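Working through the structure, step by step
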Amino acid sequence: MHSRAANADSRLSFWRCVREFAVPPSMIERATARRLVGDWAGACAAARVDSDINLRAVAGRHGRELAARVRADLRQLAPDLLRWHLPRTAPDGLLRPNLIVPLARYGQERPDGGAVHLVARTPPAWADAGQRISLGLWDGTRDGSGAHPHPDRRFRLDLHRHLWDARRAGELRTRSGADLLPWDTPPAVVPEWADAAQASGHATDRWAAEAALLLRVEGRTGGAVAVRLGGGRRLVLEVAPDGHDGPPSARAFRSSDGRLPVLPDAATWVLPDLALLRAGLIEADRLHPLVASALVPEHQVPTAPATPDPAALPRVVLCRGAHHRIGLVDGVLTALDHDAAETRREELLAALTGSPLPCLRAIDEAHRQPECLPDVRARLDHGDTAGALATVEALLGPRALMRDGALRDELETAAQRRITHGLFRAGLIGAEPGPTAAEPRRVGARRRRARHATHR
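Here we summarise the structure given alongside this text. (Residues numbered from 1 in each chain as written. Predicted model: local features only at pLDDT ≥ 70, side-chain atom pairs only at ≥ 80, totals over all residues. Heavy atoms only, no water.)

**With respect to the overall build of the protein**
For the record, the criterion: Secondary structure elements follow DSSP: runs of H or I of four or more residues count as helices, runs of E of two or more count as strands, with numbering from the N terminus. Relative accessibility under 20% of the residue-type maximum defines a buried residue, over 50% an exposed one, and the middle range a partly exposed one, all with a 1.4 Å probe and only protein chains included. Any two residues whose heavy atoms approach within 4.5 Å at even a single point are treated as in contact.
Helix and strand counts for the protein stand at 18 helices and 12 strands. Of all 456 residues assigned to the protein, the portion counted as buried reaches 47%. Considering only residue pairs separated by 6 or more positions, the protein has 64% of its internal contacts joining residues 24 or more positions apart.

**Re the pattern of salt bridges**
Formally: Only one rule defines a salt bridge in this text: a Lys or Arg side-chain nitrogen within 4 Å of an Asp or Glu carboxyl oxygen.
A complete count under the given rule lists 26 salt bridges for this structure. One salt bridge connects Arg417 with Asp128, and the closest N-O pair in it is separated by 3.0 Å. Placement of the pair is Arg417 in helix H17 (residues 406-425) and Asp128 in the loop between strand E5 (117-121) and strand E6 (133-138), with a sequence separation of 289 residues. In this structure Asp128 comes out as buried when scored by relative accessible area, which is 7%. Across the salt bridge formed by Glu342 and Arg320, the nearest N and O atoms sit 3.8 Å from each other. Here Glu342 is found in helix H13 (residues 340-353), whereas its partner Arg320 is found in the loop between strand E10 (315-319) and strand E11 (322-329), with 22 residues between them in sequence. With relative accessibility at 57%, the residue Arg320 sits in the exposed group.

**A few points about the pairing of E11**
What counts is decided by this rule: When DSSP finds two or more bridges between a pair of strands, those strands are recorded as paired.
Note that E10 and E11 share 5 bridges and pair antiparallel. Residue pairing in the sheet places Arg315 in a bridge with Ile326 of E11. Where E10 folds back onto E11 in an antiparallel hairpin, the turn is made up of 2 residues, including Arg320, whose phi is positive at roughly 55°. Relative to strand E12 (residues 332-335), E11 is paired through 4 bridges, and the arrangement is antiparallel.

**Brief notes about the sheet that holds E10**
We apply this condition: Axes, fitted as lines to C-alpha atoms, cover a helix only where it is in contact. Angles between the N-to-C directions of the axes lie from 0 to 180 degrees.
Within the open sheet, the 3 strands sit side by side as E10-E11-E12. Their pairing is antiparallel. Edge positions in the open sheet fall to E10 and E12, since each of these has one partner strand only. The sheet shows a mean angle of 30° between the axes of neighbouring strands, taken without regard to direction. The sheet contacts of helix H14 (residues 358-368) involve E10, E11 and E12, and relative to E10 the element is tilted by about 135°. This element, helix H16 (residues 385-396), spans E10, E11 and E12 of the sheet and lies at about 130° to E11.

**Quick word on H16**
Using the following cut-off: For a helix, the expected span equals 1.5 Å multiplied by the residue count minus one.
Relative to the 16 Å expected for 12 residues at 1.5 Å per residue, H16 spans 16 Å between its end C-alpha atoms, a close match to the ideal helical length. Among all positions in H16, only Gly387, Ala388, Val392, Ala394, Leu395 and Leu396 are buried.

**Section: a nonpolar patch on the surface**
Applied cut-off: A patch consists of residues whose relative accessible area exceeds 30% and which take part in no salt bridge; residues with like charges are grouped when within 9 Å of each other, and nonpolar side chains (Val, Leu, Ile, Met, Phe, Trp, Tyr) when within 5 Å. Surface accessibility follows the Shrake-Rupley procedure with a 1.4 Å probe radius. Residue values consider only the protein chains on display as shielding.
On the surface, a nonpolar cluster with roughly 290 Å² of combined accessible area is contributed by Ile419, Leu423 and Leu428. With respect to the helices and strands, the residue Leu423 is situated in helix H17. Note on Leu423: relative accessible area 31%, which makes it partly exposed.

**Comments concerning the nonpolar core**
Heads up, the condition is: Residues enter a nonpolar core if they are buried and are Ala, Val, Leu, Ile, Met, Phe, Trp, Tyr or Cys, with the set joined through side-chain atoms within 4.5 Å.
One finds Leu82, Leu103 and Leu135 to be the most contacted residues of the largest nonpolar core, which totals 60 residues. Per-element tally for this core: the top contributor is helix H12 (residues 289-295), with 5 residues. Excluding anything up to four places from it in sequence, Leu82 contacts Leu77, Leu103, Ala120, Leu135, Leu157, Leu163 and Trp164. Among the nonpolar cores identified, the runner-up in size contains 23 residues, and Cys359, Ile363, Ala366 and Ala414 belong to it.

Functional significance is not addressed by these values, which are geometric in nature.
Pasting the structure below:
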């Protein structure tokens, strides 16, 4: 029981970190503003989502009716909400790489009887700079790269449009089970382990309804659904046909039957935001506004006055027995209680003896290994380059020349990875990276492990 509780706590800590860095408020504000005026392309750009959809070409290939349906969905797409809900990997909370996630299915539209899907794609891990997402249409034909051969059966959002469609966001409360009272909870799927599954974060009270929905989409009224529990544990959930009473049953298994429909991951687990709210680990103010309005309908966005950034205020350093200040002067971090001549003299002495003044040492540490370095790394990993640079400028000043050290290395690595991603998007690098592209990822992985050790 203790291990299950520890796993649940670890999962909540993971999602709490994701909610802090993955979708910054500035992104939500810009993407929402563009979406509300009908500029879906601008909303996607604000949320770092690239569109590979040419609606004129879609109309020519699949017909005007399908193109109109795609256009209507794109206009209601909340790309920041999509980013908020896409699957992620531990320990960094980065987007799960190399996925093709179906968002909408447009029926039997192809001559061969297949369906056209609106999909969201994530790049491979070695090309994930900026954590960018791309939108496209999938119709069963290979795109030449072989990177995304088929929509993922486990990570699918076409049955969970409330996780990306602004028109359907209000359904989040019902679909997540947030409005269920204890006496409304359906019977346990399997009494002997249901409590343990709930304790580890599984949404067992929603499985029956979600499995029935999945089966209806597959053209069935009842039957078996595979549920992946993580850690190699799986089960088969048997749902009674429509019109038959009785709770669903389940049996555990190790090797999955590929012919069974798979319960989507979004229906397998309790919604992370709901779990965080119930545990008191997050306030409604920190949620995506569409999520907050669904889960906490009485919540109102506060209009608190802006407060000065503490990083921009003068900091106090104990220097030669006195408290001295360091702060920004003409856009550069400066020792305020030492004049220019004294500063130059002390810098020369430090170059000769290696013993700088405490004020100068504090400035040098701010350049090379600042206290905010873990946050800067996290923002760069999640693609929030603007937020990372704003943090650095608040610390060092907008005109500071970056010195050698960990901070400069992180910024240079992020820039190199953005170049690699651009080459991948342009088709100039194939499905596997070259030696130059692979090295920044290995370096970044070591740094992220150190960062998370610091957090913990």
